[in-house]
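Residues per chain are reported as follows:
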Amino acid sequence: MGIYKLLDLINRQKESGDTYLEFLRTPSLSMGIYTLPAGSSDLQEPHAEDEVYYVTRGQASMRVGSDHRQISAGNIIFVAANVDHCFYDITEDLTVLVFFAPAEYTNQKTE
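Residues numbered from 1 in each chain as written. Predicted model: local features only at pLDDT ≥ 70, side-chain atom pairs only at ≥ 80, totals over all residues. Heavy atoms only, no water.

The name given to the protein in an unreviewed UniProt entry is Cupin domain-containing protein, and the organism recorded there is Nitrosomonas eutropha.

Structure representation (structure tokens):
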């Protein structure tokens, strides 16, 4: 069993200096904390796994495929595998819990 405190995870992620911190990995699921400061750009590429975002803090716009929506704390967003998506117009620092199923990079094709 794993029990995590969100504030501890956010602090670990900040201390790492990276925008993403994976804190759980099993074959069927991985989870992480993703942060983007206000005014920054989200440069992620489509993932080969299904993904769920839970916005814990901040405001931005999000594009999933051709759909554009305003998002804020409390929103839950599902993104199917291989669908192009990104956060943009980040007006308040964004903190997001990210869930991948199966675990991130599980379905990634190797060349």
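Draft legend 1. Expanded view of the environment of serine 66. Within the secondary structure layout, serine 66 lies in the loop between strand 3 (50-64) and strand 4 (67-72). Serine 66 sits in the exposed class, given a relative accessible area of 72%. In the structure, serine 66 is positioned 40 residues away from threonine 26 in sequence and 31 Å away in space, judged by C-alpha atoms. (Helix = DSSP H or I, 4+ residues; strand = E, 2+ residues; numbered from the N terminus. Buried < 20%, exposed > 50% of the residue type's maximum accessible area, 1.4 Å probe, protein only.)

Draft legend 2. Expanded view of the nonpolar core. Grouped together as the largest cluster of nonpolar side chains are 15 residues, with contacts concentrated most on Tyr53, Met62, Ile71, Ile77, Phe87, Leu94 and Val96. Taken together, the elements giving at least two residues each to this core come down to strand 2 (29-36), strand 3, strand 5 (76-79) and strand 6 (85-101). Per element, the largest residue contribution to this core is 6 residues, and it comes from strand 6. With 6 residues, the next largest nonpolar core counts Phe23, Met31, Ile33 and Leu97 among its residues. (Core = buried A, V, L, I, M, F, W, Y, C linked by side-chain atoms within 4.5 Å.)

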